[in-house]
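Residue-level structural notes
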Amino acid sequence: MKRRSVLALSGALLAGALAANPARAADLIFTSGALAPVTEAQKMRTVILKDFKSPVTFLPDEPPAMLTRLRAEVEGKARVSSLVGGNDGDLAVLAASGALVPIDDVAQQLASRGFAPDLMTMGKLGTDKQLYIPWMQATYFMVANKKALPYLPAGADINALTFEQLRQWGEAVQKATGKRLVGFPAGPNGLMHRFFQGFLLPSYTGGVVSTFKSADAEKAWTEFAALWKTVTPNSTSINFMQESLLSDDVWIGFDHVARLLGALEKRPDDFVAFPAPAGPKGRGWMPVVVGLGVLKDAPDPAGAKALIGYLTQDSTQLITAREVGFFPTVKATLPPDLSPGLKMAVAAIQGTGAAKDSLAAMLPGGLGPKGGEFNKVFIDTFQRVVLRNEPAHDVLARQAEVLQRIMTEANAPCWKPDPVGAGACQVK
Amino acid sequence: MTGKRALYLTGVAVICAWVLVPLWLLAANALGGQPVISAWPKPLIPSAFSFETMLEFLAIEGVFRAMLIGFEVALLCTFFSVLLGLPAGYALARYSFRGANAFRLMVLLTRAFPVGILALPLTVGFIRLGLYDTPLGIALMHTALALPFAVLVSASLFQAIPRELEEAAWVFGCSPLQAALRVVMPLALPGVSAVAIFAFVISWNEVFAASVLSARNRTLTAYLLAMLSESPLTYQFAGALLLIVPSVLFIYLVRKRLFAMWGIASR
Amino acid sequence: MKRRSLPYLLIAPAVIFLVVLFFIPLVQTIALAFETKSGLGIGNFARMADDLNFHDSLVNTFRFVGLAVPLQLAAAMGMAMMLRHLGRGRDLVLWIWTIPLGLSDLAAGLVWLALLNDRGYLASLLYALGVVSEPQSWLTYETPIALFVAVVIAEFWRATAIVVVILVAGLQLVPKEFGEAASVFGASPWRIFTRVTLPLMKPSIQSALILRTVLAFEAFAVVIAIGGRNFPVLVSEAYTWQNFNQEPSVAAAYAVVVMVLSLAATVLWLKLLRTPEEQRA
């Protein structure tokens, strides 16, 4: 009867699957919230991790899923992962729950690598112990199709644009082609909130939280709403700018380097890369740091520490940059034979950091589990002011209340470019 | 052929096209790769046909193994759903007992609550039960999800089978169990096939529970869909195609069972 | 007497199974929805209701369910009836019609995304017919009605098969002779359908409606695939709160709302389509 054959078949498959599951248990498990997209994970496994001395199982996941999984490992008392990789915010969440062990010994061992001191300080997550080692870094910039270049406003230097000039550029393109060809990653998985936290607001107000409802902030949002009139409405579906650039849906786009590199690599002759625009208070930009931490009760802490050493050595750092577009945190000089796409990306990034008016805005820190709500404040403000055309003043006043509540509850001190001090950051 | 019959057959053909054409177009996108996706205007027959994207996709580590695990989980789920669902459906159909409606509602609660929200307590519970990251564990969870179908569909089927048939069998000396097995089950077989199909497909396509409850032994769907949301459109379409083919094949294989007893049922 | 305990014995395995695997975590999560910083309360629900997207998601969900479910029931009924009269090739046609069943909703969403996006096949067709001259955006926040229709169509395409399978299985057991007898007495096909077939199919229709409605309240992968954040529904908001905003208690609150609505709908269908004891064969 049908049931019997199903039973037999499933029994056979079960046996087969169990048999095909040899001693993977001895592998070092490296859980990661970064490099989750399929292509990046594949490169991690087949290229970057290839030369490590022992087998590593790389398990990337979306950060929320990864955090849930790690928490469940703790609560179920069955720790599986030894090494964890994630951005600063996720590692902060882990640290807050005591899941990371101090790795000052690793920091000392690797001191000669020349990690940027700023990054090492971030890796302490506000304590006096090293909780993560900075693994790789990235930032955001803009890419334009060369077809758009003729429409640049007169006298504008593409490597030193202002937001005003960007708007004029977008308008010129729209007038000439009849289409809106500026793009921002405002899709469900897009990184739009980083644009507000690291680029728009610092450029206009010199701060993020403390100046949230200032007159400068109102100006920022209002002018961005005007800029949005030149932005393609498909932006609210864009998660990866490179796709829209390659399909010519967008001629001028902003996104994270990893989500732009594809376009630059595939058709380097068609695109130019340049730093994001500046506002009245400077050229805000946000460095993104991904770190490595060793988990408490890890099955293989020694292996995890060795892997940290491997991933932060010069050669691996360079391969990582080449393969996935995340750049070194150690003092490693990039070789001259980089692909043209990567060269453009590097130039844009260096141009951003080295600009005279550059204004680094750190990743939100110390928010712990409130990070998500914090991001929501900016996305909601965007929806209200830019998409629904509500008056900026009222929206900011309301959202400022929410923001203050979050900062107070998280007891998070201000981070640069807001004035750094003790106690929860205040919205003026 | 009469005009009416021709109209009717046209209607059938149109519905078939309605189903098949979008699938064809998805396949065209998956097999055509980036050039087709960015093309404007899109021709109905793509100019470029390459298996490159699909092969790249299949070469991704673990994809094939994930397919095997997915099959295993789906078959287990089918087995358990039928095993647990049929008797329960029979009880609901044949007996009016206190708590029948409560049971129905309870069974539906499992479907009415988005399972992904249960991620943390579920994972912790599974780790404690030793079922975390095992095909069996995922299959059990999928069975919980497929049970409402199994119970309700089999209940409605048993309800439609005249009670008199069983009663007649009792008169002829069959025990209730024999009557149920020999008389009712054959008539219910098409419905059992429907239940089996649902259970298999639900399990195969289920993503949240499977992602949450596994780390290394993932089903294909969990493996792909979790990654696909951050992958370029080419991979999304390729992955979609890869997901579609096995369940379509499975339904094809069991389609005969759907009408195996047509002759008897129409008496 | 053995008979009285029999039904309970029959449902026992299913009940135990569900309690262990599902209800315990479910209760924990519902408790989470009512847990606020100051003890038990409805704080999370208040936060949920106060949110920017709550009202939209509620309205969208109701509109979606209200449109999709009746459409699918009617279409599935028609398809089931058509299938009945097909002789040869019925297996093949049924197989084709149930193919969408085998798709995950994300896959279905992607299929229709390919069809309806700016450079999609529909736009290409219109271009070939000379109706439009460039890629068309129907799926953005600027075209909410078109977006809604697109989502409904995608879901209709995918999920009607579920209803078809249930109804076909149920229709099987409606003997043809009843209808034939009625037509001998002069009843029109429509009357046979409404007076003979439909009532006999009540149990299947009830199951189909219940399942379809509950699933419709939960549908969201297809919504996200086609509309992104532009068409919020209750479940998509629940997942956003859980994963993006990292507030599982508000997500749990949304989920409780979904559950209550689904249960209410179920009770409604159970009452409306109740088959009294006598009518059961």
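Please refer to the structure placed before this passage.
What to know about the overall build of chain C
Within chain C, the secondary structure is distributed over 13 helices and 2 strands. C-alpha atoms of chain C, sized along the principal axes, occupy 75 × 70 × 30 Å. Here chain C holds 281 residues, and the buried ones make up 58% of them. For chain C, long-range pairs separated by at least 24 residues make up 71% of all intrachain contacts whose partners lie at least 6 apart in sequence. On chain C, roughly 11,500 Å² of surface is accessible, and the fraction owed to carbon and sulfur atoms is 68%. When the 20 positive and 17 negative side-chain charges of chain C are each reduced to one mean point, those points stand 14 Å apart.

Comments concerning the overall build of chain A
Broken down by element type, chain A carries 16 helices and 12 strands. For chain A, whose C-alpha radius of gyration is 23 Å, the value lies close to the compact-globule estimate of 22 Å for 428 residues. Taking the principal axes of the C-alpha coordinates as reference, chain A spans close to 70 × 55 × 50 Å. Buried positions account for 59% of the 428 residues belonging to chain A. Pairs at least 24 apart in sequence give 76% of the contacts found in chain A among residues at least 6 apart.

What about a nonpolar patch on the surface?
A contiguous nonpolar surface patch, about 440 Å² in accessible area, is contributed by B:Leu129, C:Ile16, C:Val19, C:Val20 and C:Ile24. Here C:Ile16 is to be found in helix α1 (residues 2-34).

Observations concerning the interface of chain A and chain C
A common way to express how large an interface is: the accessible area buried when the components associate. With 30 residues of chain A at the interface, the matching set in chain C holds 22 residues. Summed over both sides, the interface between chain A and chain C buries roughly 2,300 Å², with carbon and sulfur atoms accounting for 44% of that surface. Among the residues of chain A in contact with chain C, A:Pro188, A:Pro233 and A:Lys376 are the three that bury the most area, contributing 21% of the side total. Between the two partners, chain A and chain C, sit 4 salt bridges. A salt bridge links A:Arg388 to C:Asp56, with the nearest nitrogen and oxygen atoms 3.5 Å apart. Where chain A touches chain C, the interface holds 3 residue pairs in polar contact (both at pLDDT 80 or more). Among the elements of the structure, α15 (371-387) and α16 (392-410) of chain A are those that each provide at least two residues to the side of chain A that touches chain C. Residue contributions to the side of chain A that touches chain C peak at 10 residues, all from α15(A). Residues belonging to the side of chain A that touches chain C are distributed by class as follows: 8 nonpolar, 10 polar and 12 charged.

A short note on the packing of aromatic side chains
To describe a pair of aromatic rings, one takes the distance between the centres and the angle between the planes. Under the criterion given, the structure shown has 41 aromatic pairs over all chains. Judged by centre distance (5.7 Å) and plane angle (50 degrees), the rings of A:Phe30 and A:Trp135 are tilted. Of this pair, A:Phe30 sits in strand β1 (residues 28-32) while A:Trp135 is found in strand β4 (residues 133-138), placing the two residues 105 residues apart along the sequence. Both residues of the pair, A:Phe30 and A:Trp135, count as buried. Here C:Phe34 and C:Phe45 contribute two aromatic rings whose centre-to-centre distance is 5.0 Å and whose plane-to-plane angle is 45 degrees, an arrangement assigned as tilted. Taken together, the residues span a long stretch of sequence, with C:Phe34 in helix α1 and C:Phe45 in helix α2 (residues 43-50) at a distance of 11 residues. Owing to a relative accessible area of 31%, C:Phe34 belongs among the partly exposed residues under this scheme. Across from the ring centre of A:Phe240, 4.6 Å away, lies the NZ or CZ of A:Arg259, which sits over that ring.

Let's talk about the environment of C:Arg84
Positionally, C:Arg84 belongs in helix α3 (residues 54-84). Taking the C-alpha atoms as reference points, C:Arg84 and C:Ser249, 165 residues apart in sequence, are found 49 Å from one another.

Some thoughts on the state of the cysteines
All names here are of chain A. Under the definition given, this model contains 1 disulfide over all chains. Each sulfur in the disulfide pair cysteine 414 and cysteine 425 lies 1.9 Å from the other. Residues cysteine 414 and cysteine 425 are joined through a disulfide that is right-handed, its torsion about the S-S bond being 100 degrees. Placement of cysteine 414 in the segment after α16 and of cysteine 425 in the segment after α16 is noted, with a sequence separation of 11 residues between them. A relative accessible area of 12% means that cysteine 414 is categorised as buried.

Topic: the sheet that holds β1(A)
Strand pairing in a sheet is mediated by backbone hydrogen bonds. Such pairs are either parallel or antiparallel. Residue and element names in this part refer to chain A. With respect to topology, 6 strands assemble into an open sheet ordered β2-β1-β3-β10-β4-β11, the strand pairing being mixed. Among the strands making up the open sheet, the edge pair consists of β2 (56-60) and β11 (327-328). Pairing geometry for β1 and strand β3 (residues 83-87), over 3 bridges, is parallel. By the bridge assignment for β3, threonine 31 is matched with valine 84. Together, β3 and β10 (288-294) form the strand contacts of helix α4 (residues 88-96), whose direction differs from that of β3 by roughly 130 degrees.

A word on the packing of helix α8 (residues 192-205) of chain A against α15(A)
Residue and element names in this part refer to chain A. Their axes nearest at 8 Å, the elements α8 and α15 cross at an angle of 85 degrees. One finds that α8 runs roughly perpendicular with respect to α15. In this structure, α8 uses Met192, His193, Arg194, Phe196, Gln197 and Leu201 to contact α15, whose residues at the interface are Phe374, Asn375, Phe378, Ile379 and Phe382. Tallied by class, the residues present in the contact of α8 with α15 amount to 7 nonpolar, 3 polar and 1 charged.

Description of helix α7 (residues 135-160) of chain B
All names here are of chain B. The end-to-end C-alpha distance of α7, which contains 26 residues, comes to 36 Å, matching closely the 38 Å that a straight helix rising 1.5 Å per residue would cover. For α7, the principal kink sits at alanine 146 and spans about 45 degrees; a proline, proline 148, occurs within the next four residues. Where burial is concerned, most of α7 is hidden: 24 out of the 26 residues are buried.

Details of the packing of α8(A) against helix α9 (residues 215-228) of chain A
Residue and element names in this part refer to chain A. Two elements in contact, α8 and α9, have axes whose closest approach is 9 Å; the angle formed by their N-to-C orientations is 120 degrees. Considering the angle they form, α8 stands oblique to α9. Note on packing geometry: the crossing formed by α8 with α9 is right-handed. Here Met192, Phe195, Phe196, Leu200, Leu201, Tyr204 and Thr205 of α8 come into contact with α9, specifically with Asp216, Ala217, Lys219, Ala220, Trp221, Glu223, Phe224 and Trp228.

Here we look at the interface of chain C and chain B
Facing the 97 residues of chain C at the interface are 101 residues of chain B. Carbon and sulfur atoms supply 76% of the area that chain C and chain B bury against each other, a total of about 9,300 Å² over both sides. For the pair chain C and chain B, the interface holds 0 salt bridges. At the junction of chain C and chain B, the tally comes to 5 residue pairs in polar contact (both at pLDDT 80 or more). Per element, the largest residue contribution to the side of chain C that touches chain B is 20 residues, and it comes from α1(C).

Observations regarding the pattern of salt bridges
The tally for this structure, following the rule as stated, stands at 26 salt bridges over all chains. Here A:Arg79 makes a salt bridge to A:Glu73, at a shortest N to O gap of 3.2 Å. Since its relative accessible area comes to 14%, A:Arg79 is described here as buried. Relative accessible area serves as the criterion here: at 3%, A:Glu73 is assigned to the buried category. Across the salt bridge formed by C:Glu247 and C:Arg47, the nearest N and O atoms sit 3.5 Å from each other. Here C:Glu247, found in the loop between α12 (234-244) and α13 (248-272), pairs with C:Arg47, found in helix α2; they are 200 residues apart in sequence, far enough to count as distant. Judged by its relative accessible area of 21%, C:Arg47 is partly exposed. Residues participating in the shared-partner salt-bridge network are A:Lys370, A:Glu373, A:Arg405, A:Glu409, C:Arg47 and C:Glu247.

Definitions and limits used
Residues numbered from 1 in each chain as written. Chains lettered and ligands numbered in written order. Predicted model: local features only at pLDDT ≥ 70, side-chain atom pairs only at ≥ 80, totals over all residues. Heavy atoms only, no water. Helix = DSSP H or I, 4+ residues; strand = E, 2+ residues; numbered from the N terminus. Buried < 20%, exposed > 50% of the residue type's maximum accessible area, 1.4 Å probe, protein only. Contact = heavy atoms within 4.5 Å. Areas by Shrake-Rupley, 256 points an atom, 1.4 Å probe, with all protein chains shown as cover. Lys, Arg positive; Asp, Glu negative; His and termini not counted. Charge placed at Lys NZ, Arg CZ, Asp CG, Glu CD. Rg over C-alpha atoms; globule rule 2.2 N^0.38 Å. Patch = residues over 30% accessible without salt bridge, like charges linked within 9 Å, V, L, I, M, F, W, Y side chains within 5 Å. Salt bridge = Lys/Arg side-chain N within 4 Å of Asp/Glu carboxyl O. Buried area = accessible area lost by both parts, 1.4 Å probe. Polar contact = N/O pair within 3.5 Å; in protein donor to acceptor, adjacent residues only side chain to side chain. Nonpolar A, V, L, I, M, F, W, Y, C, P; charged D, E, K, R; others polar. Phe/Tyr/Trp six-rings, centres within 6.5 Å; stacked < 30°, edge-to-face > 60°. Lys NZ or Arg CZ within 6 Å of the ring centre and 35° of its normal. Disulfide = S-S within 2.5 Å. Pairing = 2+ DSSP bridges. Axes fitted to C-alpha atoms, helices over the stretch in contact; angles between N-to-C directions. Parallel < 35°, antiparallel > 145°, perpendicular 65-115°, else oblique. Expected span 1.5 Å × (residues − 1). Bend = angle between axes of the 7 residues up to and from the residue. Left-handed = near helix turned anticlockwise from the far one by under 90°.

So, to be careful, I would describe these as geometric facts and stop short of saying anything about function.
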